[in-house]
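Observations on the model geometry
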Amino acid sequence: MSYQLIIYGRASQKIIKKITLPNEKASLDLLTLLREEGIPIASSCDGEGVCHKCLVNSNLISCQITLLDFLKENEAVIDVDYL
(Lines give C-alpha, C1' and ligand atoms only; values in the text may rest on other atoms or scores of the structure.)
Protein backbone atom coordinates (compact mmCIF):
# COMPACT_ATOMS: atom_id res chain seq x y z
CA MET A 1 0.00 0.00 0.00
CA SER A 2 1.18 3.52 -0.70
CA TYR A 3 -0.07 7.00 0.10
CA GLN A 4 -0.50 9.86 -2.34
CA LEU A 5 -0.01 13.44 -1.16
CA ILE A 6 -0.24 16.76 -2.91
CA ILE A 7 1.77 19.65 -1.50
CA TYR A 8 0.06 22.92 -2.32
CA GLY A 9 1.58 26.38 -1.87
CA ARG A 10 -0.99 28.95 -0.82
CA ALA A 11 1.27 31.92 -1.57
CA SER A 12 2.02 30.72 -5.11
CA GLN A 13 -1.39 29.06 -5.56
CA LYS A 14 0.35 26.13 -7.20
CA ILE A 15 0.89 22.46 -6.65
CA ILE A 16 4.46 22.29 -5.38
CA LYS A 17 4.89 18.53 -5.53
CA LYS A 18 3.00 15.26 -5.79
CA ILE A 19 4.41 12.55 -3.54
CA THR A 20 3.88 8.81 -3.34
CA LEU A 21 4.94 7.41 0.02
CA PRO A 22 5.29 3.74 0.92
CA ASN A 23 3.31 2.24 3.79
CA GLU A 24 6.43 2.16 6.00
CA LYS A 25 6.35 5.97 6.19
CA ALA A 26 2.76 6.19 7.48
CA SER A 27 3.86 6.42 11.11
CA LEU A 28 6.29 9.32 10.54
CA ASP A 29 5.23 12.85 11.43
CA LEU A 30 4.49 15.25 8.58
CA LEU A 31 7.44 17.52 9.40
CA THR A 32 9.87 14.65 8.91
CA LEU A 33 8.14 13.40 5.75
CA LEU A 34 8.04 16.82 4.12
CA ARG A 35 11.67 17.54 4.93
CA GLU A 36 12.70 14.15 3.52
CA GLU A 37 10.88 15.12 0.31
CA GLY A 38 12.72 18.44 0.06
CA ILE A 39 9.78 20.63 1.09
CA PRO A 40 10.99 23.54 3.24
CA ILE A 41 9.01 23.56 6.47
CA ALA A 42 9.87 26.11 9.15
CA SER A 43 10.60 24.83 12.65
CA SER A 44 12.87 26.65 15.06
CA CYS A 45 12.33 23.97 17.73
CA ASP A 46 13.27 21.20 15.25
CA GLY A 47 10.15 19.15 15.86
CA GLU A 48 9.81 19.53 19.62
CA GLY A 49 6.29 20.98 19.15
CA VAL A 50 6.83 24.24 21.00
CA CYS A 51 7.41 26.89 18.32
CA HIS A 52 4.32 26.08 16.16
CA LYS A 53 6.09 27.40 13.03
CA CYS A 54 5.59 24.11 11.19
CA LEU A 55 1.87 24.69 10.63
CA VAL A 56 0.24 23.11 7.61
CA ASN A 57 -3.38 23.44 6.49
CA SER A 58 -3.51 26.62 8.62
CA ASN A 59 -3.94 24.85 11.94
CA LEU A 60 -2.05 21.54 12.10
CA ILE A 61 1.33 21.34 13.78
CA SER A 62 3.16 19.07 11.35
CA CYS A 63 5.62 17.68 13.92
CA GLN A 64 2.73 16.44 16.05
CA ILE A 65 0.68 14.51 13.50
CA THR A 66 1.57 11.36 11.63
CA LEU A 67 0.76 10.81 7.99
CA LEU A 68 -1.77 8.15 8.91
CA ASP A 69 -3.57 10.38 11.42
CA PHE A 70 -3.53 13.27 8.94
CA LEU A 71 -5.16 11.17 6.24
CA LYS A 72 -7.87 9.90 8.60
CA GLU A 73 -9.27 13.42 8.96
CA ASN A 74 -8.05 15.33 5.89
CA GLU A 75 -7.86 15.07 2.15
CA ALA A 76 -4.46 14.11 0.78
CA VAL A 77 -3.56 17.79 0.24
CA ILE A 78 -1.11 19.57 2.50
CA ASP A 79 -1.31 23.37 2.28
CA VAL A 80 1.81 25.34 3.15
CA ASP A 81 1.05 29.05 3.53
CA TYR A 82 4.43 30.48 2.50
CA LEU A 83 5.15 28.29 -0.54
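Whatever comes next refers back to the structure up there.
About the criteria used
- Residues numbered from 1 in each chain as written.
- Predicted model: local features only at pLDDT ≥ 70, side-chain atom pairs only at ≥ 80, totals over all residues.
- Heavy atoms only, no water.
- Helix = DSSP H or I, 4+ residues; strand = E, 2+ residues; numbered from the N terminus.
- Rg over C-alpha atoms; globule rule 2.2 N^0.38 Å.
- Buried < 20%, exposed > 50% of the residue type's maximum accessible area, 1.4 Å probe, protein only.
- Areas by Shrake-Rupley, 256 points an atom, 1.4 Å probe, with all protein chains shown as cover.
- Pairing = 2+ DSSP bridges.
- Axes fitted to C-alpha atoms, helices over the stretch in contact; angles between N-to-C directions.
- Contact = heavy atoms within 4.5 Å.
- Core = buried A, V, L, I, M, F, W, Y, C linked by side-chain atoms within 4.5 Å.

Right, let's get into the overall build of the chain. Looking only at helices and strands, one finds two helices and five strands in the chain. Secondary structure elements in the chain, listed N-terminal to C-terminal, are β-β-α-β-β-α-β. Whereas a compact globule of 83 residues would reach a radius of gyration of roughly 12 Å, the chain reaches 12 Å, a difference of no more than 12%. Principal-axis analysis of the C-alpha atoms gives the chain an extent of 35 × 30 × 25 Å. Across the 83 residues in the chain, those meeting the buried criterion constitute 36%. Carbon and sulfur atoms provide 49% of the accessible area of the chain, an area that totals close to 4,800 Å².

A few words now on the sheet that holds strand β1 (residues 2-9). The sheet built from three strands is open, its strands ordered β2-β1-β5 with mixed pairing. The open sheet has two free edges, formed respectively by β2 (14-22) and β5 (77-80), since each of these has just one partner strand. On average, each strand axis in the sheet is tilted by 25° relative to the strand beside it, whichever way the strands run. Summarising the sheet, β1 and β2 pair through eight bridges and their orientation is antiparallel. Residue tyrosine 3 lies in a different strand from β2, and its bridge partner there is leucine 21.

It is worth spelling out the side chain of asparagine 57 at this point. By the secondary structure assignment, asparagine 57 is in the loop between β3 (55-56) and β4 (60-61). Those residues within four positions of asparagine 57 in sequence are excluded, and the remaining contacts are Arg10, Phe70, Asn74, Val77, Ile78 and Asp79.

Turning our attention to the nonpolar core. Soluble globular proteins tend to bury their nonpolar side chains together. Leu30 and Ile78 are the most contacted members of the largest nonpolar core, which has 23 residues in total. If you list the elements that add at least two residues to this core, you get β1, β2, α1 (30-36), β4, α2 (67-73) and β5. Ignoring sequence-local partners within four residues, the contact set of leucine 30 consists of Val56, Ser62, Ile65, Leu67, Phe70 and Ile78.

Purely geometric stuff here, so don't read any function into it on its own.
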